[in-house]
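Residue-level listing of the chains:
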Amino acid sequence: MTRPADFPPPFDWREFVAEPTDPPDERIDVGVLVVGAGPAGLSAAIRLGQLLEEQPDVRERLGDVPVAVVEKGRAPGAHLLSGAVINPRAFRELFPGLHTEEMPFRGAVVREGVYFLTPKRHLRVPAPPTMWNHNHYVASISEVGRWLAERAEEVGVTIVPETSARTLLVGGGRVLGVRTGDRGRGKDGEELPTFEPGSDLRARVTILAEGTQGHLAGVASARFGLASRPQVYALGVKEVWEVPRPPNRIMHTMGWPLRGGKQYREFGGSFIYPLGEDKVALGMVVGLDYTDATLSVHDLLQELKTHPFVHGILAGGTRVAWGAKTIPEGGLQALPDRLSFPGGMIVGDSAGFVNVPALKGVHYAMKSGILAAETAFEAVRPGQTAWGPGSLEGYDEGVRGSYIWTDLHRMRNLRPAFKHGFTRGALLAGLSLNTLGKLPPGTMELERDTDISVTVGDRARAYPTADGELVFDKLSSVYLSGNRTRDDAPSHIRVDRKVRREVAEAWRHMCPAQVYELAGEASPAGNVVDVEVTASNCVQCGAISAKGGRLTPPEGGDGPEYALM
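What you see is a predicted model; the values in this text were computed from it and never measured.

S.K.: Please set out unusual backbone geometry residue by residue, giving values where relevant.
M.R.: In the segment running from glycine 83 into alanine 84, the intervening peptide bond is cis, with an omega of -10°. Counting through the fold element by element, alanine 84 comes out in the loop between strand S3 (67–70) and strand S4 (85–86). Look at the link from tryptophan 256 to proline 257: it is a cis peptide, with omega at 10°. Topologically, proline 257 is positioned in the loop between strand S16 (250–255) and strand S17 (268–274). The backbone of arginine 265 shows a phi angle near 50°, a positive value even though the residue is not glycine. Along the chain, the position of arginine 265 falls in the loop between S16 and S17. We classify arginine 265 as buried; its relative accessible area is 13%.

S.K.: Quick rundown of the sheet that holds strand S24 (residues 516–519)? Include the residues and the values.
M.R.: One open sheet holds the three strands; their spatial order is S23-S25-S24, and the pairing between them is antiparallel. The outermost strands of the open sheet, each flanked by one partner alone, are strand S23 (498–500) and S24. Within the sheet, the average angular offset between the axes of one strand and its neighbour, ignoring direction, is 50°. Sheet topology note: the S24/strand S25 (residues 528–533) ladder contains four bridges and is antiparallel. From the neighbouring strand, leucine 518 faces S25, where its bridge partner is valine 531. Running at roughly 100° to S23, helix H14 (residues 501–510) makes contact with S23, S24 and S25 of the sheet.

S.K.: Tell me about helix H8 (residues 362–379), and please be specific about residues and values.
M.R.: With 18 residues, H8 should cover 26 Å at 1.5 Å per step; its first-to-last C-alpha distance of 26 Å lies within 8% of that length. Across the 18 residues of H8, 16 count as buried, placing the element largely inside the fold.

S.K.: Please provide a residue-by-residue account of the layout of surface pockets, values included.
M.R.: Counted as a void, the second largest pocket has a volume near 960 Å³. Secondary structure elements with two or more residues in the lining of the second largest pocket: helix H5 (215–224) and helix H15 (543–546). With five residues, H5 is the largest single contributor of residues to the lining of the second largest pocket. Counted by class, the lining of the second largest pocket contains 18 nonpolar, twelve polar and five charged residues.

S.K.: Give a description of the pattern of salt bridges that names residues and reports values.
M.R.: Counted by the stated rule, this structure contains 35 salt bridges. The salt bridge involving arginine 3 is made with aspartate 6; its shortest N-O contact spans 2.9 Å. Arginine 3 gets classed as partly exposed once you look at its relative accessible area, which sits at 29%. Two residues, glutamate 162 and arginine 183, come together in a salt bridge whose shortest N-O distance is 3.7 Å. Of the two residues, glutamate 162 sits in the loop between strand S9 (158–160) and strand S10 (165–171) while arginine 183 sits in strand S12 (residues 183–185), which places them 21 residues apart along the sequence. On the basis of relative accessible area, glutamate 162 is assigned to the partly exposed category, the value being 23%. Looking at arginine 183, the relative accessible area reads 28%, which means it is partly exposed. Residues joined by salt bridges that share partners form a network here, namely Arg259, Glu266, Asp292 and Asp458.

S.K.: I'd love a proper account of the packing of helix H1 (residues 39–54) against H8, names of residues and values included.
M.R.: Interhelical geometry of H1 versus H8 gives an angle of 40° and a closest axis separation of 7 Å. Put simply, H1 runs oblique to H8. In the packing of H1 onto H8, the handedness of the crossing is right-handed. Of the residues in H8, those touching H1 at Pro39, Ala40, Ser43, Ala44, Arg47, Leu48, Leu51 and Leu52 are Val362, Ala365, Met366, Ser368, Gly369, Ile370, Ala373, Glu374, Ala376 and Phe377. Of the residues belonging to the contact of H1 with H8, the class tally is 13 nonpolar, three polar and two charged.

S.K.: I'd like a rundown of the nonpolar core, residues and numbers included.
M.R.: Leu33, Ile86, Phe91, Leu148, Ile207, Phe353 and Tyr395 are the most contacted members of the largest nonpolar core, which has 85 residues in total. In terms of residue count, the dominant contributor to this core is H8 (eleven residues). Among residues more than four places away in sequence, those in contact with phenylalanine 353 are Leu335, Leu339, Gly348, Gly361, Tyr364, Ser368, Tyr395, Val399, Ile404 and Leu408. Core analysis: the next-biggest nonpolar cluster, separate from the first, contains 72 residues, Trp241, Val286, Trp507 and Leu551 among them.

S.K.: Hey, could you go over helix H10 (residues 403–410) for me, with residue numbers and the actual values?
M.R.: For H10, the full list of buried residues reads Tyr403, Ile404 and Leu408. All buried residues of H10 project into a common sector of 125° when viewed along the axis, lining one side. A distance of 3.2 Å separates the backbone nitrogen of isoleucine 404 from a side-chain oxygen at the start of H10, and that oxygen is part of serine 402.

S.K.: Can you lay out the sheet that holds strand S5 (residues 107–108) for me, pointing to particular residues and giving the numbers?
M.R.: What the three strands build is an open sheet, ordered S4-S8-S5; its pairing is antiparallel. Two strands bound the open sheet, and with one partner strand each, they are S4 and S5. Summarising the sheet, S5 and strand S8 (residues 137–138) pair through two bridges and their orientation is antiparallel. Bridge pairing in S8 places alanine 108 opposite tyrosine 137.

S.K.: So what's going on with the packing of H8 against H10? Which residues, and what values?
M.R.: As a packed pair, H8 and H10 sit with axes 10 Å apart at the nearest point and diverge in direction by 140°. With respect to H10, the element H8 is oriented oblique. Here His363, Tyr364, Lys367 and Ser368 of H8 lie close against H10, whose contacting residues are Tyr403, Ile404 and Asp407. Of the residues that constitute the contact of H8 with H10, the class distribution is three nonpolar, two polar and two charged.

What counts as what
- Residues numbered from 1 in each chain as written.
- Predicted model: local features only at pLDDT ≥ 70, side-chain atom pairs only at ≥ 80, totals over all residues.
- Heavy atoms only, no water.
- Helix = DSSP H or I, 4+ residues; strand = E, 2+ residues; numbered from the N terminus.
- Buried < 20%, exposed > 50% of the residue type's maximum accessible area, 1.4 Å probe, protein only.
- Pairing = 2+ DSSP bridges.
- Axes fitted to C-alpha atoms, helices over the stretch in contact; angles between N-to-C directions.
- Contact = heavy atoms within 4.5 Å.
- Expected span 1.5 Å × (residues − 1).
- 1 Å grid on protein atoms, 1.4 Å probe; cavity = no way out; pocket = protein on both sides within 12 Å on 5 of 7 lines; lining within 4 Å.
- Points joined across faces, edges and corners; volume = space filled by probe spheres on them.
- Nonpolar A, V, L, I, M, F, W, Y, C, P; charged D, E, K, R; others polar.
- Salt bridge = Lys/Arg side-chain N within 4 Å of Asp/Glu carboxyl O.
- Parallel < 35°, antiparallel > 145°, perpendicular 65-115°, else oblique.
- Left-handed = near helix turned anticlockwise from the far one by under 90°.
- Core = buried A, V, L, I, M, F, W, Y, C linked by side-chain atoms within 4.5 Å.
- Arc of directions from axis to C-beta.
- Polar contact = N/O pair within 3.5 Å; in protein donor to acceptor, adjacent residues only side chain to side chain.

This is the structure we're talking about:
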């Protein structure tokens, strides 16, 4: 039995916690600092901007930069990827009076279908209530991010792109801000002619909105003891196609090409969403607790496209975009015990606010950002403090009193039910759904993805060969992501370079960007192999952090440049 957990990465969270070092004339002081320009972070920034417009005296006491957002991507939206069908509830709360047609959506959901696939056939099945999408909207989350960034700047928010937040600044038992990463270092860490050192960003309140697998969110969790339960993840790989005639409905599939046996633990499915008059988005999402090391979500998506049902949708079309991202799937029982800590809060996917059975997370992320903003605003008012005992616990209380908590509580046992295989899992999930979470009683336990044993199976034998028209290899997909990582940049990936062959094969097949390769033959003693890492291929999907490694922040501006995802 071989587990990725048996080969932990050379990573210590203490490396990323430090006291401020910049002198006052070199550091950057801001009022409230938001790390990450996704829906959660930008919603927090916008709500803060709105509140400060109503209270100019509070804005004045926060200095020249009352609200700042740092974003590691080249621009807001560059690292955002989702399906996405969005519940507009949080948009309407954040922008009261704004008409739906003014929101950054591609179209309303007017028809939908759920299909069970076999290798050659498809059968339409009733959609479970969790997947009803009436009054919801199809969107590109990259476009949503850019739109939200514009709204944030309109209310006076300062957005700083191409800036990675590397280190959590802590002093006196509370978070004081972050230190940004250096830029212009070579592969071995040497300073290049373009070298620029990172800077201390000091803030009264720091909101961590880094998205799935948030780096500093993980560091804060370890430093302040926020979490005691495991999170589990899925990997989604998505393509956008320009086609003669997009479908007139959103579609989800289950069944093939995944296997339903308990021994495989393959949980997931696909989505097919129209994006306006000439484009369609399709993707494959699979939980990372599977057991066959040769399973590859990227290649499953390529296989899916060969199905007559899917191939017919894409016929005559051209692939125009590709990307990948992990999704926190643990739900309620994987949330941190505390979401706030002295000087800061964790929001959005970094906290795990995703409702997997409903395939929804954007409006929860935005709502959490709104709640964090309102808590931060109260903490920076005259006579208040953001670092005293319990000073930011209003955020925890707000989340527990919101629809985020209510929705996730009802769905808490649906995802863990599928560790028993598709058939039994579907029965348990249906029981939980129909009783609003009351049955089965209690809360089913989750198992960390790294604790699941992997074996080298034969799934890879069925993957289709790339033809450059319908089926594509990983490297051509990475190129289409707009990846901007320098070949001579320092590696931001921490993995054990000598592992058992089963783990190395799992990493090699799992990674959609062909970052990991086996070097040479396995040693006779212990079946151990060397792992080669091509970090410049990485699109920062986060899968390696879920399956035995650890991503750290790359140089600001590195990674994909998504436009339609």
